[in-house]
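Below, each chain spelled out in residue letters.
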Amino acid sequence: MLEISLRHRFPGFALDAAFTAPTPGVTVIFGPSGCGKSTVLAAVAGLLRPAEGRISVGGVTLFDGGAKKFVAPEKRRCGVVFQDSRLFPHLSVESNLRYGLKRAPKDAEGPGFDEVVSLLGIEALLGRRPAALSGGEKQRVALGRALLSRPALLLMDEPLAALDAARKAEVLPYLARLRHRLRIPLLYVTHALDEVDRLADTLVLMQAGRVLAAGPLEALAARTDLPMLAGRQDAGVVLSCRVAAQDEARGLTRLDFPGGSLVVPQAALALGHAVRLRIQARDVAIATSRPEGLSVQNLLPATLAAIEPGGAHDVLLRLAVGDSILLSRVTKDAVGRLGLTPGLPVWALIKAVAFFAEGRDGAG
Amino acid sequence: MLEAATGWLTAEEWEAVRLSLSVALRSVVFGLPPAVLAAWLLARGRFPGRSLLDAAVHLPLVMPPVVVGWLLLVTFGVRGPVGSLLNDWFGLRLVFTTGGAALATAVMSFPLIVRAVRLSLEAVDQGLEDAARTLGAGPFDRFFTITLPLISPGILSGAITAFAAGLGEFGAVITFASNIPGQTQTLPLAIYAATQTPGGEATAAKLAGVSFALAVSGLLLAEMVSRRMQRLLGRERG
């Protein structure tokens, strides 16, 4: 369990944030620039001493303002990956990687040097100096250096923010892989929603120094009262699925989620592989009776759970599909025309899904 | 080349060159650790009296060297508060000795080293030290494995500049250590002595040439070393 509550004042800015998150697992703090999310991370790392509050990780108290307890950062065993990588310029990549390993407690368990190097694909870089690395390579090395310090908690401060789209696409799969390969709890700060969708188990939304909401990603993504999440192109939900069947003949992959299943164009994934789906509200249409002769592959029986305000001329429908929730954006006109009321059984037509493959072990 | 130089300079003149090099080298070796400490305190320290320390460090730059020499004489003289203790406890006498010349030179070149080290300390990204902290490095560990290597170009260029300047220190040395051939008569003192001697113009010119050559090569070396180190530290790509 990750338990954080902090109060700190800066000139012109006050931080008052508290949340808890289960461990192991990935906790993502999401919010706009200047909302204080990086400050929370710095406080957990011990690089900032908050005025008041308490920070504990897995039952170990790192900071307690009331008891005047402050564990020095070098004793906290929090591996940090900074946005600007902060590799030591005078050391080779290998020496950078070994810096934390040498200083890790003897009895600390964690992945070995060779394992981390191959996991991150940095074998060819070991002899180089940081100045000779690309941005994406630097972040992979920084990640390896943090991992090798055998941390009890891994902290990442917008590790992909300084990278362009191509470099980001290069590093993100490594992060997703780590998520499942390691049992280290991860606290991840970002202002990019695609990273949230891809990595988060627990989501913490921050704004102006305060926590707006915190909880499991699936639950928060389906909420329509959090305008911050609508920062993406549309509201939508995230579903955790597993590969249930491969249909070679039709070129389809079946994915099961709690309450139903979906088919997607065939993906080269083994059975049982964990996959995350993002389904945007505007990609979900509804019908009050089962439609025939459709090109749409995914048709799910659902129950209309609630009608929530959307835009000027449309609303968001909350649809219960088994244990899962889908959001659908329809016009206000359609609500009247179809006589939609909560409790009505409907058919959800899913026109498009975006999915990300994860590790074999699933979200745990 | 050494042979030619030995033949070209008289034994006494050669002795002045050797003594200059020795005094300058000692001044740098003994001045460096306290200079790095002072630079660190000035760049990173937050304590009352910091501006006082800053002023004290820079005093030798703005005071007449003769005054610095005189202050040393008062402090480290055989009757001075520090000098008498050194004399009683260790039998160490600084006035009128090579060691005294080195001390006077060290005090004069101290601000040069502090300045160079401080500038490079201020240029060190403290984020790197923070990163080292999170990786488990304590304060001394961090200083020796991260900060010191990163400021080494500043230390080296400061040391070389101080060495080059130390070769020519005159006022403080002659006041504190006097002008004793073979003991405290460094190059500039020998040049001064030559100008005071009838027919010494040729000697003065020769020694002035040597002095000039040493100073210029010192500066060039400082520049070269600093560039080489920067490249080693991978700074050329920013």
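Please refer to the structure placed before this passage.
Cut-offs and rules
- Residue numbers restart at each chain and count upward from 1, following the sequence in its written direction.
- Numbering of ligands from 1 and lettering of chains from A proceed in the order in which they are written.
- Local features in this predicted model are restricted to residues whose pLDDT is 70 or higher, and side-chain atom pairs enter the listing and the counts only when it is 80 or higher, whereas totals over whole chains, interfaces and linings include all residues.
- The basis for the side-chain values is all heavy atoms of the structure; hydrogens and waters are excluded.
- Secondary structure follows DSSP: runs of H or I at least 4 residues long count as helices, runs of E at least 2 residues long count as strands, and numbering of each begins at the N terminus.
- Exposed residues in this analysis have more than 50% of their type's maximum accessible area, buried residues have under 20%, and partly exposed residues fall in between, with area computed by a 1.4 Å probe over protein chains only.
- The contact criterion used is simple: two residues touch if any of their non-hydrogen atoms lie within 4.5 Å.
- Each accessible area is a Shrake-Rupley result for a 1.4 Å probe, and residues are judged covered by the shown protein chains and nothing else.
- Counted as positive: Lys and Arg. Counted as negative: Asp and Glu, with His and the chain ends omitted from the count.
- Every charge is mapped onto a representative atom, which is NZ of Lys, CZ of Arg, CG of Asp or CD of Glu.
- Lines fitted to the C-alpha atoms define the axes, with helices restricted to the stretch that makes contact. Angles between their N-to-C directions range from 0 to 180 degrees.
- Comment on the angle field: the value is read as roughly parallel under 35 degrees, roughly antiparallel over 145, roughly perpendicular from 65 to 115, and oblique elsewhere.
- Crossings are classed by handedness, with left-handed meaning an anticlockwise turn of the near helix from the far one by less than a right angle and right-handed meaning a clockwise turn.
- Any carboxyl oxygen of Asp or Glu that lies within 4 Å of a side-chain nitrogen of Lys or Arg is treated as forming a salt bridge with it.
- Pairing between strands is defined by DSSP: at least two bridges between them are needed.
- Pairing of aromatic rings covers Phe, Tyr and Trp, the last through its six-membered ring, and needs centres within 6.5 Å; plane angles under 30 degrees mean stacked, over 60 mean edge-to-face, and all others mean tilted.
- Cation placement over rings: the criterion is NZ of Lys or CZ of Arg within 6 Å of the ring centroid and within 35° of the ring normal.
- Whenever a nitrogen or oxygen atom comes within 3.5 Å of another N or O atom, the pair is scored as a polar contact, on the condition that within protein one atom can donate a hydrogen and the other can accept it, and that pairs from neighbouring residues in sequence are kept only if both atoms are in side chains.

Asks: Which residues make up the overall build of chain B, and what are the values?
Replies: Scanning chain B from N- to C-terminus turns up eleven helices and zero strands. Secondary structure elements of chain B, listed N to C terminal, follow the sequence α-α-α-α-α-α-α-α-α-α-α. Across its three principal directions, the C-alpha atoms of chain B cover 70 × 45 × 30 Å. In chain B, buried positions account for 45% of the 238 residues. Considering only residue pairs separated by 6 or more positions, chain B has 69% of its internal contacts joining residues 24 or more positions apart. For chain B, the accessible surface area stands at approximately 12,200 Å², while carbon and sulfur atoms represent 68% of it. Averaging the locations of the 17 positively and 15 negatively charged side chains of chain B gives two centres separated by 6 Å.

Asks: Now, about the packing of helix α6 (residues 98–123) of chain B against helix α8 (residues 139–166) of chain B: what can you tell me, with residues and values included?
Replies: Residues and elements named next belong to chain B. Where α6 meets α8, the axes come as close as 8 Å, and the angle between the chain directions of the two elements is 150°. In terms of orientation, α6 and α8 fall into the roughly antiparallel class. The handedness of the crossing between α6 and α8 comes out as right-handed. On α8, the residues that touch T105, S109, L112, I113, A116, V117, S120 and L121 of α6 are T147, I151, G154, I155, G158, T161, A162, A165 and G166.

Asks: Can you break down the pattern of salt bridges residue by residue, with the values?
Replies: Residue and element names in this part refer to chain A. Tallying each qualifying case throughout the model produces 25 salt bridges over all chains. Between D16 and R7 there is a salt bridge, and its shortest N-O distance comes to 4.0 Å. Overall, D16 belongs to the partly exposed group, its relative accessible area being 32%. Here R7 falls in the partly exposed class, since its relative accessible area comes to 33%. Residues joined in a network through salt bridges with shared partners are R7, D16 and E52.

Asks: Account for the pairing of strand β1 (residues 2–10) of chain A, naming residues and giving values.
Replies: Residues and elements named next belong to chain A. Direction of pairing for β1 relative to strand β4 (residues 52–57): antiparallel, over a ladder of six bridges. Following the sheet pairing, E3 is matched in β4 by S56. Sheet analysis places β1 next to strand β2 (residues 13–21), joined by nine bridges and oriented antiparallel. By the bridge assignment for β2, L2 is matched with A21. If you look at the hairpin formed by β1 and β2, you'll find two residues sitting between the two strands, and G12 has a positive phi there, around 80°.

Asks: Outline the packing of aromatic side chains, listing residues and values.
Replies: Evaluated as defined, the whole model comprises six aromatic pairs over all chains. The lysine or arginine in question, A:R76, covers the ring of A:F70, its NZ or CZ lying 4.9 Å from the ring centre.

Asks: So what's going on with the environment of A:S149? Residues and values would help.
Replies: Along the chain, A:S149 falls in the loop between α5 (135–148) and β8 (153–157). A C-alpha to C-alpha distance of 8.5 Å links A:S149 and A:G110, two positions 39 residues apart in sequence. If we skip the residues at most four places from it in the chain, A:S149 touches A:G79, A:G100, A:L101, A:A104 and B:L135. In this structure the side chain of A:S149 is engaged in a polar contact, spanning 2.7 Å, whose partner is the backbone oxygen of A:A146.

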